[in-house]
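# Observations on the model geometry
For reference, the chains in residue letters:
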Amino acid sequence: LEMVVDRFNVVHLCWSDIFISTLTYDIYYTNNTGGTFGTPVTIPGIDYYLSAGLAVDSSGNAHLATSSITIFPSAYTIGYTNNVGGSFFVPTPIISDATFRAYPAIALDSNSTVHIFWSDNVTGNLDIYYNNNSAGDFSGSAVQISTHQENDVGAVVEIDSSDTIHLAWNALVNSVYDIM
């Protein structure tokens, strides 16, 4: 579950849900524009969403970073979607291959640049990686942020009014999680 309150005092929520009967994993979004929560919308496109991060821009539009898996062929994907045009689109892949990746976090700066962090198993353990769309898309290479010998998960990110990125995550160090 992710929650953001925008500058108009609208509460935005997104969450993942599993339907055992259909074996689908969906991500939902809703807000309380007008004072009551609307019917949740399903993020389109993927049958197996794992999780999502939520950010809201200065106009009240929702931006989601998603993690998903496809079975055939096996691929883990970090994606991006928003409802700026009125509805969400199928998430644009930022990175996708057979390497496990999940737990995205997202924030927007004052220039509406989208910053996404996630846990990725490229090195044999989960490390924090980063990408942004400052060039207009996510075509730049992902940057490895952490390099611990054990797992780094649960990144949270905020960007202050000076566009400074503040990032924290859980780091497994000597079998104990610490905040980094």
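Relevant structure appears above.
First, a word on what this report is: a plain description of the structure on this page. (Residues numbered from 1 in each chain as written. Predicted model: local features only at pLDDT ≥ 70, side-chain atom pairs only at ≥ 80, totals over all residues. Heavy atoms only, no water.)

### Things to note about the sheet that holds strand E11 (residues 127–132)
Threshold: Whether two strands pair depends on DSSP finding at least two bridges between them. What counts as a helix is a DSSP run of H or I of at least four residues, what counts as a strand is a run of E of at least two, and both are numbered from the N terminus.
Strands sit in the order E9-E10-E11-E12 across an open sheet of four strands; the sheet is antiparallel. Two strands bound the open sheet, and with one partner strand each, they are strand E9 (101–108) and strand E12 (143–144). Of the pairings in the sheet, the one linking E11 to E12 comprises two bridges and is antiparallel in character. Note that in E12 the partner of Tyr129 across the bridge is Gln144.

### Concerning the pairing of strand E15 (residues 176–179)
Bridge analysis of strand E14 (residues 165–173) against E15 gives four bridges, and the strand direction is antiparallel. Its bridge partner lying in E15, Leu172 is registered against Tyr177.

### Quick notes on the packing of aromatic side chains
Definition in use: To pair, rings of Phe, Tyr and Trp, with the six-membered ring standing in for Trp, must have centres within 6.5 Å; the planes then decide the type, stacked if under 30 degrees apart, edge-to-face if over 60, and tilted in the middle. Think of it in three bands: residues with accessible area under 20% of the maximum for their type are buried, residues over 50% are exposed, and the middle band is partly exposed, with areas taken using a 1.4 Å probe on protein chains only.
For the coordinates displayed, the defined rule picks out eight aromatic pairs. Summarising the aromatic geometry, the rings of Tyr80 and Phe138 are spaced 5.5 Å apart at their centres and angled 55 degrees between planes, so their arrangement reads as tilted. On the criterion of sequence distance, the pair formed by Tyr80 in strand E7 (residues 75–82) and Phe138 in the loop between E11 and E12 is long-range, its members being 58 residues apart. Accessibility assignment for this pair places Tyr80 and Phe138 in one class, buried. Between Trp118 and Tyr129, the ring centres sit 6.5 Å apart and the planes meet at 25 degrees, which makes this aromatic pair stacked. With Trp118 in strand E10 (residues 114–120) and Tyr129 in strand E11, this residue pair connects regions lying eleven residues apart in the sequence.

### Re the nonpolar core
Put simply, the rule is: Among the buried residues, those of types Ala, Val, Leu, Ile, Met, Phe, Trp, Tyr and Cys that are joined through side-chain atoms within 4.5 Å form a nonpolar core. Note on definitions: a residue-residue contact is assigned when non-hydrogen atoms from the two residues lie within 4.5 Å.
Residues Ala55, Ala65, Ile78, Tyr80, Ile94, Ile106, Leu108, Val114, Ile116, Trp118, Tyr129 and Phe138 constitute the largest nonpolar core, which totals twelve residues. When residues of this core are traced back to their parent elements, those giving at least two are E7, E9 and E10. The leading source of residues in this core is E10, at three residues. Apart from residues lying up to four places away in sequence, Ile94 is in contact with Ile78, Gly79, Tyr80, Ile116, Trp118, Asn131 and Phe138.

### Regarding unusual backbone geometry
We note that Tyr103 has phi near 60 degrees; this positive angle belongs to a residue other than glycine. Relative to the helices and strands, Tyr103 is located in strand E9. With a phi angle near 65 degrees, Ser112 is a residue other than glycine that sits in the positive phi range. In this structure, Ser112 sits in the loop between E9 and E10.

### What to know about the pattern of salt bridges
The condition that has to hold: Any Lys or Arg side-chain nitrogen located within 4 Å of an Asp or Glu carboxyl oxygen qualifies as a salt bridge.
Under the counting rule described, the total for this entry stands at two salt bridges. Across the pair Arg101 and Asp97 runs a salt bridge, and its minimum N-O distance is 2.9 Å. On the basis of relative accessible area, Arg101 is assigned to the buried category, the value being 0%. The closest approach of N and O atoms between Arg101 and Asp120, which form a salt bridge, is 2.8 Å. Here Arg101 is found in strand E9, whereas its partner Asp120 is found in strand E10, with 19 residues between them in sequence. The class for Asp120 is buried, based on a relative accessible area of 0%.

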